[in-house]
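Here are the chains, one letter per residue:
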Amino acid sequence: ATRRPYHGLWVGHNVLPGEAFLGRNRAMNSAVSVLGGVGSTKFADDERFTLNFGGGYRILPTDWLAVSIEVQDRVYESDIFGKNELVNNLEAYLGVTVFF
């Protein structure tokens, strides 16, 4: 089994739940969310304290389908090249969920 290079605890919140409108007769449930948390990142055989923050958007075009996009940044300090510097690891996800 492969061990993930990071782990942590995150909290998210839907800050703008509502509807998106396409024309006059088409409304779809949607939500904008934010998240934040703390954790640990393993890099170069060393564990680093990591802050994580990001946000996303989810829309439900039908009652059985959801499409979402999420962006996160994992931030930690690294001295791998002999100088302390702040490292940003950006991640982006595009997801499709089918409800049945």
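All of the points below concern the structure found in this document. (Residues numbered from 1 in each chain as written. Predicted model: local features only at pLDDT ≥ 70, side-chain atom pairs only at ≥ 80, totals over all residues. Heavy atoms only, no water.)

It is worth spelling out the overall build of the protein chain at this point. Looking only at helices and strands, one finds 0 helices and 6 strands in the protein chain. In sequence order, the protein chain lays out its α and β elements as β-β-β-β-β-β. Along the three orthogonal principal directions, the C-alpha set of the protein chain runs to about 60 × 30 × 20 Å. Evaluated residue by residue, the protein chain yields a buried proportion of 25% over its 100 residues. Relative to all contacts within the protein chain whose residues are 6 or more apart in sequence, the contacts with residues 24 or more apart total 42%. When the accessible area of the protein chain is evaluated, it comes to approximately 7400 Å², of which 60% is carbon and sulfur surface. Mean positive and mean negative side-chain charge positions of the protein chain (9 and 11 charges, respectively) differ by 6 Å. (Helix = DSSP H or I, 4+ residues; strand = E, 2+ residues; numbered from the N terminus. Buried < 20%, exposed > 50% of the residue type's maximum accessible area, 1.4 Å probe, protein only. Contact = heavy atoms within 4.5 Å. Areas by Shrake-Rupley, 256 points an atom, 1.4 Å probe, with all protein chains shown as cover. Lys, Arg positive; Asp, Glu negative; His and termini not counted. Charge placed at Lys NZ, Arg CZ, Asp CG, Glu CD.)

Let us look at the side chain of Q72. Looking at the secondary structure, you find Q72 in strand β5 (residues 65–78). Among the residues examined, Q72 registers a relative accessible area of 9% and is labelled buried. Not counting residues up to four positions away in its chain, the partners in contact with Q72 are L35, N52, F53, G54, N89, L90, E91 and Y93.

In this section: the environment of E85. Among the secondary structure elements, E85 is positioned in strand β6 (residues 85–98). Residue classification places E85 among the partly exposed residues on the basis of a relative accessible area of 38%. If near-sequence neighbours (up to four positions away) are discounted, E85 is found in contact with Y76, E77 and S78.

Judged from the 15 bridges that link them, strand β3 (residues 27–43) and strand β4 (residues 46–62) form a sheet pairing that is antiparallel. By the bridge assignment for β4, V32 is matched with Y57. Between β3 and β4, which pair antiparallel and follow one another directly, the connecting turn spans 2 residues, one of which, A44, has a positive phi of 55°. In this structure, β4 lies alongside β5, joined through 10 bridges in antiparallel fashion. Among the inter-strand pairings, I59 is bridged to a residue of β5, identified as V67. (Pairing = 2+ DSSP bridges.)

Okay, a nonpolar patch on the surface next. On the surface, a cluster of nonpolar side chains totalling about 650 Å² of accessible area is made up of W64, V96, V98, F99 and F100. For F100, the location among the structural elements is in the segment after β6. (Patch = residues over 30% accessible without salt bridge, like charges linked within 9 Å, V, L, I, M, F, W, Y side chains within 5 Å. Salt bridge = Lys/Arg side-chain N within 4 Å of Asp/Glu carboxyl O.)

In this structure the tally under the stated criterion is 1 cavity of 30 Å³ or more. Within this model, the largest cavity holds a volume of roughly 30 Å³. If you trace the largest cavity, you find it lined by Y6, H7, W10, V38, G39, S40, T41, T50, N52 and R74. Counting residues per element, the ones that place at least two in the lining of the largest cavity are β1 (6–14), β3 and β4. Broken down by element, the lining of the largest cavity gets its largest block of residues, 4 residues, from β3. Of the residues in the lining of the largest cavity, the class split is 3 nonpolar, 6 polar and 1 charged. (1 Å grid on protein atoms, 1.4 Å probe; cavity = no way out; pocket = protein on both sides within 12 Å on 5 of 7 lines; lining within 4 Å. Points joined across faces, edges and corners; volume = space filled by probe spheres on them. Nonpolar A, V, L, I, M, F, W, Y, C, P; charged D, E, K, R; others polar.)

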